[in-house]
Amino acid sequence: MSLHLRYAAISDRGVVRQGNQDSVFAGSHFIAVADGMGGMAAGDLASAIVINTVARLDVPPPPDSVVDELADAVADANRAIRRCVADDPQKEGMGTTLTALWFDGEWFNLVHIGDSRAYRMREGGFEQITVDDTYVQMLVDEGRITAEEAERHPQRSLLLRALGASEVEPAFQTIKGVVGDRLLLCSDGLSGPVADADIARTLQTAASPQEAAESLVQQALDAGAPDNVTVLIADVVAEEPGEQRQIIGGAAADARLAESDTAVLRAVRDEEEAAEEDGESETEELRQPKARRKGRVWRTVLACLIVLALAAGGGMWWARTQYFVGVSDEGNISLFRGLPFEVAGYRAAWIEVDSGRPAEDAVDSVEAELEAGRTADGREDAEDDLAALTDPAAGNENLDPLCVTAADGAESVPAAAKDCRDD
Ligand code: MN
């Protein structure tokens, strides 16, 4: 018996963000959510590229090679993102999550990377079926913090893996569909501010996918929606649900981005064709993973066993795309690239700007924050933070009043102010 999907999807900018970096696709055979990241309008481009690339899978999956085709589409999307970065180094650090399901009428083939989640409601039982590729999930797996602590952890949105990295190893799963199942794919803009219990209750009670999606987005907005919110609901039904349109939402629906997507994808395809004509290479390279994929299963097992290795290998790429303001070895307020804490014993922070302003000049609460590292949303954000922290103008609440006066170059520098500048 072949089953069908009845679906609805909404992507909302949320209350705080200027733009929407999430993208969503829903069709009769394929559903996907991507949450882009990276400054300079790169995050929306990344999620749009991946969604517009994998949307080609909205056809009945080939019975014998579904995982290969899924892996190839993801690899193509990743190459397109990396090509964008190669063309424009300003886009370095752009990346995206991807959580997608390809349905063959009986089985769901799931691919997952990042922290966009898939949940399932089956006969009243609510279950998260993806495992977040996040730093806090790693801490939970290691037993160092509880799931509740992870929800409030300051680094909860730090990803260890995402598309856009040089090495991408998404997780694949196959799940049997049962009539009555209700699936939810969502970005962290829903799973962050809205509690699992509320999500579960909504999936349980909403009469239709559309009603469930609208209600969940509204709950995220009511909770202040600090991030973009994307919700996709798919019900597994026995009867053909009638005419349903493909849904493309969020950044992927932005015409301006779709145009540059098309250009990038065409360029990638041209490269492939050129390589094919040469009779060598790039395509070979693309095909090889099929042979290597058996090894991948082993590596997945190993990765589960050696969580530390995963953190070191997977986390370092991501670390290089993060910024924070902290204290240099000389004791000055400085801008760093990397992470303000060790990942599995590795220090992954590189100093970028030393302001020359001693951290001691900061008021105690700010100094403590600097010691811990004030994480920023991209380099520009970190630069703004550094500028605000070290602003010599009187009235800078971040600095001890005397230090503000002293640095301001006021005519008469009080003796005490001198003291606070002296080591
Ligand atoms: Mn997000």
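Our subject is the structure listed above.
Bear in mind the structure is a predicted one, so any value in this text is a computation, not a measurement. (Residues numbered from 1 in each chain as written. Predicted model: local features only at pLDDT ≥ 70, side-chain atom pairs only at ≥ 80, totals over all residues. Heavy atoms only, no water.)

Q: Any chance you could explain the sheet that holds strand E7 (residues 117-122) here in plain terms?
A: Two pairing modes exist for strands in a sheet, parallel and antiparallel, and in both the strands are linked by backbone hydrogen bonds. Taken in spatial order, the 5 strands line up as E1-E11-E10-E7-E8 in an open sheet, and their pairing is antiparallel. If you trace the sheet from one side to the other, it starts and ends with strand E1 (4-12) and strand E8 (125-128), each paired once. Along the sheet, successive strands turn relative to each other by an average axial angle of 15°, direction set aside. As defined by bridge partners, strand E10 (residues 182-186) adjoins strand E11 (residues 229-237) across 5 bridges and the pair is classed as antiparallel. Counterpart to Leu185 in the pairing with E11 is Leu232. Its contacts with the sheet place helix H6 (residues 196-205) against E7, E8, E10 and E11, and it is angled at close to 50° to E7. Sheet strands touched by helix H7 (residues 209-222): E1, E10 and E11. Its angle to E1, the strand with the most contacts, is close to 25°. (Pairing = 2+ DSSP bridges. Helix = DSSP H or I, 4+ residues; strand = E, 2+ residues; numbered from the N terminus. Axes fitted to C-alpha atoms, helices over the stretch in contact; angles between N-to-C directions. Contact = heavy atoms within 4.5 Å.)

Q: I would appreciate a short explanation of the coordination of the manganese ion in the present structure.
A: The reference angle at a metal is 109.5 degrees if four donors form a tetrahedron and 90 or 180 degrees if six donors form an octahedron. Protein coordination at the manganese ion: the donors are Asp35 (OD), Asp188 (OD) and Asp227 (OD), at 2.1 to 2.2 Å from the metal. Read N to C, the donor residues that coordinate the manganese ion are spaced as D-x152-D-x38-D. Here Asp188 is found in helix H5 (residues 188-191), whereas its partner Asp227 is found in the loop between H7 and E11, with 39 residues between them in sequence. Asp227 carries the same exposure label as Asp188, and that label is buried. (Donors = N, O, S within 2.8 Å, 3.2 Å for Na, K, Ca; no water. Buried < 20%, exposed > 50% of the residue type's maximum accessible area, 1.4 Å probe, protein only.)

Q: Whenever I open this one, the environment of Gly38 confuses me. Can you help?
A: Note that Gly38 resides in the loop between strand E3 (30-37) and helix H1 (42-54). The sequence separation of Gly38 and Gln322 amounts to 284 residues, and the corresponding C-alpha distance is 9.2 Å. Apart from the residues within four sequence positions on either side, Gly38 is in contact with Gln21, Gly43, Gly93 and Met94.

Q: Whenever I open this one, the packing of H1 against helix H2 (residues 66-87) confuses me. Can you help?
A: In a pair of packed helices, the angle between the axes and the distance between the axes together describe the arrangement. Look at H1 against H2: their axes get within 9 Å of each other, and the N-to-C directions meet at 145°. The two elements H1 and H2 cross, and the hand of that crossing is right-handed. Counted together, Leu45, Ala46, Ile49, Val50, Thr53 and Val54 of H1 and Ala73, Val74, Asp76, Ala77, Ala80, Ile81 and Cys84 of H2 form the full contact between these two elements. By residue class, the composition of the contact of H1 with H2 is 11 nonpolar, 1 polar and 1 charged. (Left-handed = near helix turned anticlockwise from the far one by under 90°. Nonpolar A, V, L, I, M, F, W, Y, C, P; charged D, E, K, R; others polar.)

Q: Would you explain the nonpolar core in this entry?
A: A general feature of soluble globular proteins is that nonpolar side chains tend to end up buried together. Residues Phe30, Val50, Ile51, Met94, Leu98 and Leu163 are the most contacted members of the largest nonpolar core, which totals 38 residues. Looking at this core, the elements that each hand over two or more residues are E3, H1, H2, strand E5 (98-103), strand E6 (107-113) and helix H8 (255-277). Among the elements that make up this core, the one with the highest residue count is H2 (9 residues). Residues contacting Ile51, with those up to four places away along its chain left out, are Ser23, Val24, Phe25, Ala32, Val33, Ala34, Leu98 and Ala252. Core analysis: the next-biggest nonpolar cluster, separate from the first, contains 21 residues, Leu216, Val217, Ala225 and Ile233 among them. (Core = buried A, V, L, I, M, F, W, Y, C linked by side-chain atoms within 4.5 Å.)

Q: I'm lost on the packing of aromatic side chains in this one. Help?
A: Each aromatic ring pair is characterised by the separation of its centres together with the angle its planes make. In the structure shown here, the tally under the stated rule is 4 aromatic pairs. On the basis of an interplanar angle of 10° and a centroid distance of 5.0 Å, the ring pair of Tyr119 and Phe126 is categorised as stacked. By relative accessible area, Phe126 is classed as partly exposed at 26%. An angle of 5° between the planes, with centres 4.9 Å apart, marks the rings of Phe324 and Phe336 as stacked. Pair noted here: Phe324 is in strand E13 (residues 323-327) and Phe336 is in strand E14 (residues 332-338), with a separation of 12 residues, a long-range link. A relative accessible area of 5% places Phe336 in the buried class. (Phe/Tyr/Trp six-rings, centres within 6.5 Å; stacked < 30°, edge-to-face > 60°.)

Q: Would you explain H1 in this entry?
A: Two residues of an α-helix separated by three or four positions point the same way, owing to the 3.6 residues in each turn. Helix length check: H1, at 13 residues, gives a terminal C-alpha distance of 18 Å against a target of 18 Å (1.5 Å per residue), a fit within 8%. For H1, the full list of buried residues reads Ala42, Gly43, Asp44, Leu45, Ala46, Ser47, Ala48, Ile49, Val50, Ile51, Thr53 and Val54. (Expected span 1.5 Å × (residues − 1).)

Q: Sorry, what's going on with the side chain of Gln155 here?
A: Note that Gln155 resides in the loop between helix H4 (147-152) and strand E9 (171-176). Gln155 sits in the buried class, given a relative accessible area of 14%. With residues up to four places along the chain from it excluded, the contact list for Gln155 reads Tyr135, Val136, Pro340, Phe341 and Thr375.

Q: Explanation requested: the sheet that holds strand E15 (residues 349-358) in the structure shown.
A: Reading across from one edge, E15-E14-E13-E16 is the order of the 4 strands in this open sheet, with antiparallel pairing throughout. One side of each edge strand has no neighbouring strand; the edge strands of this open sheet are E15 and strand E16 (374-376). Here the strands of the sheet are splayed against their neighbours by 25° on average, with no regard to which way each runs. Taken together, the 6 bridges between E14 and E15 define a ladder with antiparallel strand orientation.

Q: Teacher, can you tell me more about the environment of Phe30 here?
A: The residue Phe30 is located in strand E3 in this model. Separated by 78 residues in the primary sequence, Phe30 and Phe108 have C-alpha atoms spaced 9.2 Å apart. With sequence-adjacent residues up to four places away left out, Phe30 is seen in contact with Phe25, Val54, Leu57, Asp58, Leu70, Ala100, Leu101 and Trp102.

Q: When you look at the side chain of Asn398 in this model, what are you seeing that I'm missing?
A: By secondary structure assignment, the location of Asn398 is in the loop between helix H12 (379-390) and helix H13 (401-408). A residue is classified by how much of its surface remains accessible, and Asn398, at 18% relative accessible area, is buried. Sequence-distant contacts of Asn398, that is, excluding residues within four places in its chain, are made with Ala362, Val363, Val366, Ala388 and Leu389.

Q: I would appreciate a short explanation of H7 in the present structure.
A: Look at H7: 20 Å from first C-alpha to last across 14 residues, which is about the 20 Å you get at 1.5 Å a residue. Among the residues of H7, those classed as buried are Pro209, Ala212, Ala213, Leu216, Val217 and Ala220. Each buried residue of H7 sits inside an arc of 125° when the element is viewed along its axis, so together they form one side. In this structure, the buried side of H7 is in contact with E1, E10, H5, H6 and E11. A positive phi of about 100° marks Gly224, the residue just after H7. (Arc of directions from axis to C-beta.)

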